[in-house]
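Topology and contacts: notes
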Amino acid sequence: MKRYRCYFAYITVFALVLAFALTGCGGTPSSETASAPGISETKYSDMVLSETDSTITIQDAEGEKVLNKSPQRVVCLYNSLLDLWYLNGGKAIARVSGDTELPPEAAGLPEAGSMSSIGLEQVVALEPDLVLLTATLDGQREIAKGLKENNISYLLCDLREDPFGSFGRYSYLFSKINQQDKIFQEKIEPVIQSCLDLTEKTKAIKEQPSVAVLYSTPKYVKVETNLSQTGQMVHMLGANNILAPEEAPSDGSVRVDLSFEVLLARNPDYIFVVTMGDEEKCKAAFEQTLLSNPAWSELDAVKENRMFYLPKEYSLNKPNQRYFEAFSYLVDLLYPEFQT
């Protein structure tokens, strides 16, 4: 793991110098980040349709919107968005409850309710000039309708579809809204490029392992597709999810019911477990559902001690600026002999 951290430190410290020099160096992200057009212009420019000195026309989960730049009274109703907002130069006046994925600077903000239980009146009373919401919760979509009726600007963001890409897209968008392009160029682009460089190297490995990504809660265990956050990272690294893309639900669901028979038949080289909720209760449910079956011990991943409970900060919560750490953690498990 140390070699990846050193590599990441190298690119972070020298990214700006390389950007000015417009030169490439083996193992660094300079080739795309420093050249023109850069990552932002080639991958995320469709998020911003046009802009003036004071306004920006953007594309969110609903469609086209015109927003004022550098809003001063932002209310964020999803802490994953709040982390990205602060990371890209924003500030807020209120948030939802919870301390997961919460930037330290926002810990003392007033709470406008919980993520899944927020009243429109509470939000309107704060007199926001911008509200950040998630498109993945029906309740927040309803709040968006009320905000529209009250002529309050809002962004409806979908971080679930293409999790890694969403980190880049919404970082780019937030930096534009906050007029902090330099933050994106100096802090976010190097992270994105380092991840892309790493995945290109691991994808070139000839023998790729098979992986079952299991999602465990205190009540059930499911299998994650390549559309989930962890499933996507495993796929980007080149490993093979035992759940083939054509077996994923057509509605875009990131998880499906677990079939123990299919798990046995496909016999993965690795089993990764993502836990949701109390970790000990999740492990107890996992053991009751799977480990109690005598056939469990016949799996290659079990016999070779290649079953791992993944850290929540890399597998369940949005890694955001720590994405390279998350990828590197998986690389250490999947490719123990890998050298940069």
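In this report, the structure presented in the accompanying data block is examined. (Residues numbered from 1 in each chain as written. Predicted model: local features only at pLDDT ≥ 70, side-chain atom pairs only at ≥ 80, totals over all residues. Heavy atoms only, no water.)

This next bit is on the overall build of the protein. Helix and strand content of the protein: 14 helices and 12 strands. Looking at the protein residue by residue over its 340 residues, the buried ones come to 49%. Sequence separation of 24 or more characterises 64% of the internal contacts of the protein that already satisfy a separation of 6 or more. (Helix = DSSP H or I, 4+ residues; strand = E, 2+ residues; numbered from the N terminus. Buried < 20%, exposed > 50% of the residue type's maximum accessible area, 1.4 Å probe, protein only. Contact = heavy atoms within 4.5 Å.)

Here the focus is the side chain of Lys69. You can see Lys69 is positioned in the loop between strand E3 (64-68) and strand E4 (74-76). Among the residues examined, Lys69 registers a relative accessible area of 13% and is labelled buried. Of the polar contacts made by the side chain of Lys69, one reaches the backbone oxygen of Thr52; its length is 2.7 Å. Look past the residues within four positions of Lys69 in its chain and what remains in contact with it is Glu51, Thr52, Asp53, Ser54, Thr55, Ile56, Lys176, Ile177 and Gln179. (Polar contact = N/O pair within 3.5 Å; in protein donor to acceptor, adjacent residues only side chain to side chain.)

In this fold, Thr217 is placed in the loop between strand E7 (210-216) and strand E8 (221-224). Residue Thr217 is classed as buried on the basis of its relative accessible area of 7%. Ignoring sequence-local partners within four residues, the contact set of Thr217 consists of Met276, Cys282 and Ala285.

What follows is about the sheet that holds E3. Strand order in this open sheet of three strands is E1-E2-E3, and the pairing throughout is antiparallel. At either margin of the open sheet sits one strand with a lone partner, and together these are strand E1 (48-51) and E3. Adjacent strand axes in the sheet meet at a mean angle of 20° when their direction is disregarded. Helix H7 (residues 163-177) contacts E1, strand E2 (55-59) and E3 of the sheet and is inclined by roughly 10° relative to E1. (Pairing = 2+ DSSP bridges. Axes fitted to C-alpha atoms, helices over the stretch in contact; angles between N-to-C directions.)

A word on the pairing of E2. Pairing geometry for E1 and E2, over three bridges, is antiparallel. Residue Val48 lies in a different strand from E2, and its bridge partner there is Ile58. Between the end of E1 and the start of E2, which pair antiparallel, lie three residues. Counting the residues in the hairpin turn of E2 and E3 gives four residues, including Gly63, whose phi is positive at 140°.

Attention now moves to the nonpolar core. Ranked by size, the top nonpolar core spans 61 residues in total, and within it Leu132, Leu155, Leu173, Phe174, Phe272 and Phe327 carry the most contacts. Take this core: its biggest share by element is eight residues, from helix H14 (residues 323-334). Those residues in contact with Leu155, other than ones at most four positions away along the chain, are Ile58, Asp60, Leu67, Leu130, Val131, Leu132, Leu133, Leu173, Phe174 and Ile177. Ranked by size, the runner-up nonpolar core spans 16 residues in total, among them Phe260, Leu290, Trp296 and Leu299. (Core = buried A, V, L, I, M, F, W, Y, C linked by side-chain atoms within 4.5 Å.)

Here the focus is the packing of helix H9 (residues 229-237) against H14. A packed helix pair is summarised by two numbers, namely the angle formed by the two axes and the spacing between the axes. Remark: H9 packs on H14, axes separated minimally by 10 Å, with the N-to-C direction vectors making an angle of 65°. The handedness of the crossing between H9 and H14 comes out as right-handed. Of the residues in H14, those in contact with Gln229, Met233, Val234, Met236 and Leu237 of H9 are Tyr323, Ala326, Phe327, Leu330, Val331 and Leu334. (Left-handed = near helix turned anticlockwise from the far one by under 90°.)

Within the structure shown, the criterion is met by 14 aromatic pairs. Centre to centre, the rings of Tyr172 and Phe184 are 5.6 Å apart; their planes meet at 70°, and the pair counts as edge-to-face. Here the residue Tyr172 occupies a position in helix H7, and Phe184 occupies one in helix H8 (residues 181-203), the gap between them amounting to 12 residues. When sorted by exposure, Tyr172 lands in the same class as Phe184, which is buried. In textbook terms, an aromatic cluster arises when at least three aromatic residues are bridged by ring pairs, as seen for Phe164, Phe167, Tyr323 and Phe327. Over the aromatic face of Tyr220 sits the side chain of Lys222, whose NZ or CZ is 5.3 Å from the ring centroid. Here the guanidinium or amino end of Arg306 rests over the ring plane of Tyr270, the centre of that ring lying 5.2 Å away. (Phe/Tyr/Trp six-rings, centres within 6.5 Å; stacked < 30°, edge-to-face > 60°. Lys NZ or Arg CZ within 6 Å of the ring centre and 35° of its normal.)

Attention now goes to the pairing of E3. Side chains Lys65 and Leu67 of E3 all project onto a buried face; the interleaved residues Glu64, Val66 and Asn68 project onto a face where none is buried. Sheet topology note: the E2/E3 ladder contains five bridges and is antiparallel. Paired with Thr57 across the strands is Val66, a residue of E3.

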